[in-house]
Amino acid sequence: MKVLVTLRKLPMFGLIRTPILLLIAFVAGLLYERNQAGEACVEAGGKKHDGVCWHE
């Protein structure tokens with residue numbers, strides 16, 4: 001617990017935390033959009049292979 005208390009007292013911790021949270025949100029958004037695109041591909045009658053939608 002002492003390490004967590006020490007990190008919160010550092011003035012630069014907020015500046016480091018913000019880009020890390022932005023990166024996590026960006027990656028989560030990419031994964032969500034990729035999943036949505038895959039579901040749309042299957043619903044349209046295609047097959048998703050290596051991230052590409054193939055209509056047969």
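Here the residue index of a chain counts from 1 through its sequence in written order. In keeping with the model being predicted, local features are shown solely for residues with a pLDDT of at least 70 and side-chain atom pairs are shown and tallied solely at 80 or more, while totals for entire chains, interfaces and linings include all residues. Where side-chain values are given, they derive from all heavy atoms of the structure, hydrogens and water being excluded.

Peer 1: Tell me about the state of the cysteines, residues and numbers included.
Peer 2: The definition used for a disulfide is geometric: two cysteine sulfur atoms within 2.5 Å. Scanning all chains against the criterion turns up one disulfide. Residue pairing for C41: its cysteine sulfur links by disulfide to C53, the two sulfurs lying 2.0 Å apart. One quick way to see it: the torsion about the S-S bond of C41 and C53 is about 90 degrees, and its sign makes the bridge right-handed. Of this pair, C41 sits in helix 2 (residues 13–43) while C53 sits in strand 2 (residues 52–55), placing them 12 residues apart in sequence. Between buried and exposed lies partly exposed: a residue is buried under 20% and exposed over 50% of the maximum accessible area for its type, with that area taken using a 1.4 Å probe on protein chains only. You can call C53 partly exposed: its relative accessible area is 32%. Helix numbering and strand numbering both begin at the N terminus, where a helix is a DSSP run of H or I of at least 4 residues and a strand a DSSP run of E of at least 2.

Peer 1: Describe the pairing of strand 1 (residues 46–49), with residues and values.
Peer 2: When strand 1 meets strand 2, the two strands line up antiparallel, connected through four bridges. Note that in strand 2 the partner of G46 across the bridge is H55. Only when DSSP finds a minimum of two bridges between them are two strands counted as paired. The antiparallel pairing of strand 1 with strand 2 creates a hairpin that spans two residues between the two strands, and D50 there sits at a positive phi of about 55 degrees.

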